[in-house]
Amino acid sequence: LAVRSRPHEWNSNWPAETGEFWKLGARFMEANATRYQELYDRARLVPLSLLAITCLLTFVLGSRLYGWRAASLAVWLTALNPNVLAHGGLVTPDIFFTAALLAAVIAVDRFWRDPSSARAAALGLCVGIACLFKASGLLLALLLFGASFARGAPAHAKPGERRSWSDARYRL
């Protein structure tokens, strides 16, 4: 594939301009015919490793919330979920978003249990990464923002003690 370096070199016959992106894939396959399967297998290793990380994050979250037995069952159900099996080996953003979503849920759990600036930064990083992988990550940010208002004062607040909505130590 030739790399076009200047915008004026683009023309209407280029597949990206006509919306026929499958032609780009066909050109890539033709240009790399001798090593296409090797490139394909390498590309699939990344989402498969993220599938393993997703199962690990499922175990971490399950064990934090319900213990190791429930976490083991959750990992088993996650690994055998037809949707996860269908998308786990594909080079699509679904499994990447799932791993980032689980990391964000773990980060919000840690932040709500023991608020700190570092945990707030980790939560923001996880939500930001989820937004990078898929636009649905914006819904995650809205849900966490809404949940922080619904949550109320932290569990370790003194009875009758009022917190400001802007108190960053206790709110997202």
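Residues numbered from 1 in each chain as written. Predicted model: local features only at pLDDT ≥ 70, side-chain atom pairs only at ≥ 80, totals over all residues. Heavy atoms only, no water.

Novice: Would you take a moment to explain the nonpolar core for this structure?
Specialist: For soluble globular proteins, the rule of thumb is that nonpolar side chains tend to be buried together. In terms of nonpolar packing, the biggest core is built from 11 residues, these being Phe-97, Ala-100, Ala-104, Ala-107, Val-108, Leu-123, Cys-126, Val-127, Ala-130, Leu-140 and Leu-144. When residues in this core are grouped by element, the largest group, five residues, is from helix H6 (residues 93-113). Leu-51, Leu-57, Val-84 and Ala-99 belong to the second-largest nonpolar core, a separate cluster that totals 10 residues. (Core = buried A, V, L, I, M, F, W, Y, C linked by side-chain atoms within 4.5 Å. Buried < 20%, exposed > 50% of the residue type's maximum accessible area, 1.4 Å probe, protein only. Helix = DSSP H or I, 4+ residues; strand = E, 2+ residues; numbered from the N terminus.)

Novice: Can you walk me through the environment of Leu-138 in this structure?
Specialist: Structurally, Leu-138 can be placed in helix H8 (residues 137-151). Looking at Leu-138, the relative accessible area reads 54%, which means it is exposed. Between the alpha carbons of Leu-138 and Val-127 there is a distance of 8.2 Å; along the sequence they are 11 residues apart.

Novice: Got a minute to help me understand a nonpolar patch on the surface in this structure?
Specialist: Taken together, the side chains of Leu-73, Trp-76, Leu-77, Leu-80 and Leu-85 define a hydrophobic patch exposed on the protein surface, amounting to about 540 Å² of accessible area. For the nonpolar patch, the element with the highest residue contribution is helix H4 (residues 68-79), accounting for three residues. Relative to the helices and strands, Leu-85 resides in helix H5 (residues 82-88). (Patch = residues over 30% accessible without salt bridge, like charges linked within 9 Å, V, L, I, M, F, W, Y side chains within 5 Å. Areas by Shrake-Rupley, 256 points an atom, 1.4 Å probe, with all protein chains shown as cover. Salt bridge = Lys/Arg side-chain N within 4 Å of Asp/Glu carboxyl O.)

Novice: Explain the packing of helix H3 (residues 36-66) against H6 to me, please; I cannot follow it from the model alone.
Specialist: Geometrically, a packed helix pair is captured by the angle between its two axes and the distance between the axes. For the pair H3 and H6, the least separation of the axes is 9 Å and the interaxial angle reads 25 degrees. With respect to H6, the element H3 is oriented roughly parallel. Classified by chirality, the crossing of H6 by H3 is left-handed. Contacts between H3 and H6 involve Val-46, Pro-47, Leu-50, Leu-51, Thr-54, Leu-57, Thr-58, Val-60, Leu-61, Arg-64 and Leu-65 on the former and, on the latter, Ile-95, Phe-96, Thr-98, Ala-99, Leu-102, Ala-103, Val-105, Ile-106, Asp-109, Arg-110 and Arg-113. (Axes fitted to C-alpha atoms, helices over the stretch in contact; angles between N-to-C directions. Parallel < 35°, antiparallel > 145°, perpendicular 65-115°, else oblique. Left-handed = near helix turned anticlockwise from the far one by under 90°. Contact = heavy atoms within 4.5 Å.)

Novice: When you look at H6 in this model, what are you seeing that I'm missing?
Specialist: Structurally, the α-helix is built with 3.6 residues per turn, so residues lying three or four positions apart point the same way. The terminal C-alpha atoms of H6, which comprises 21 residues, lie 30 Å apart, in line with the 30 Å expected from a rise of 1.5 Å per residue. Taken together, the buried positions of H6 are occupied by Ile-95, Phe-96, Phe-97, Ala-99, Ala-100, Leu-102, Ala-104, Ile-106, Ala-107, Val-108, Asp-109 and Phe-111. (Expected span 1.5 Å × (residues − 1).)

Novice: Which parts of the structure should I look at to understand the pattern of salt bridges?
Specialist: Close approach of charged atoms lets side chains of opposite charge pair. With the rule as written, the count across this model stands at five salt bridges. The residue Arg-64 makes a salt bridge to Asp-109 at a minimum N-O spacing of 2.9 Å. You can see Arg-64 sitting in helix H3 and its partner Asp-109 sitting in helix H6, a full 45 residues away along the chain. Overlapping salt bridges bring together Arg-64, Asp-109 and Arg-113 as one network.

Novice: Explain the packing of aromatic side chains here, please?
Specialist: The relative placement of two aromatic rings is captured by the distance of their centres and the angle of their planes. Per the stated rule, a full pass over the model turns up three aromatic pairs. Measuring from centroid to centroid gives 6.2 Å for Tyr-36 and Tyr-40, while their planes differ by 20 degrees, and the two rings are stacked. In this pair, Tyr-36 and Tyr-40 both sit in helix H3, four residues apart, roughly one turn of the helix. Classification of Tyr-36 as partly exposed rests on a relative accessible area of 27%. Measuring from ring centre to ring centre gives 5.4 Å for Phe-96 and Phe-133, while their planes differ by 35 degrees; the resulting arrangement is tilted. Of the two residues, Phe-96 sits in helix H6 while Phe-133 sits in helix H7 (residues 117-133), which places them 37 residues apart along the sequence. Judged by its relative accessible area of 34%, Phe-133 is partly exposed. Chaining the aromatic ring pairs together yields one cluster made of Phe-28, Tyr-36 and Tyr-40. (Phe/Tyr/Trp six-rings, centres within 6.5 Å; stacked < 30°, edge-to-face > 60°.)

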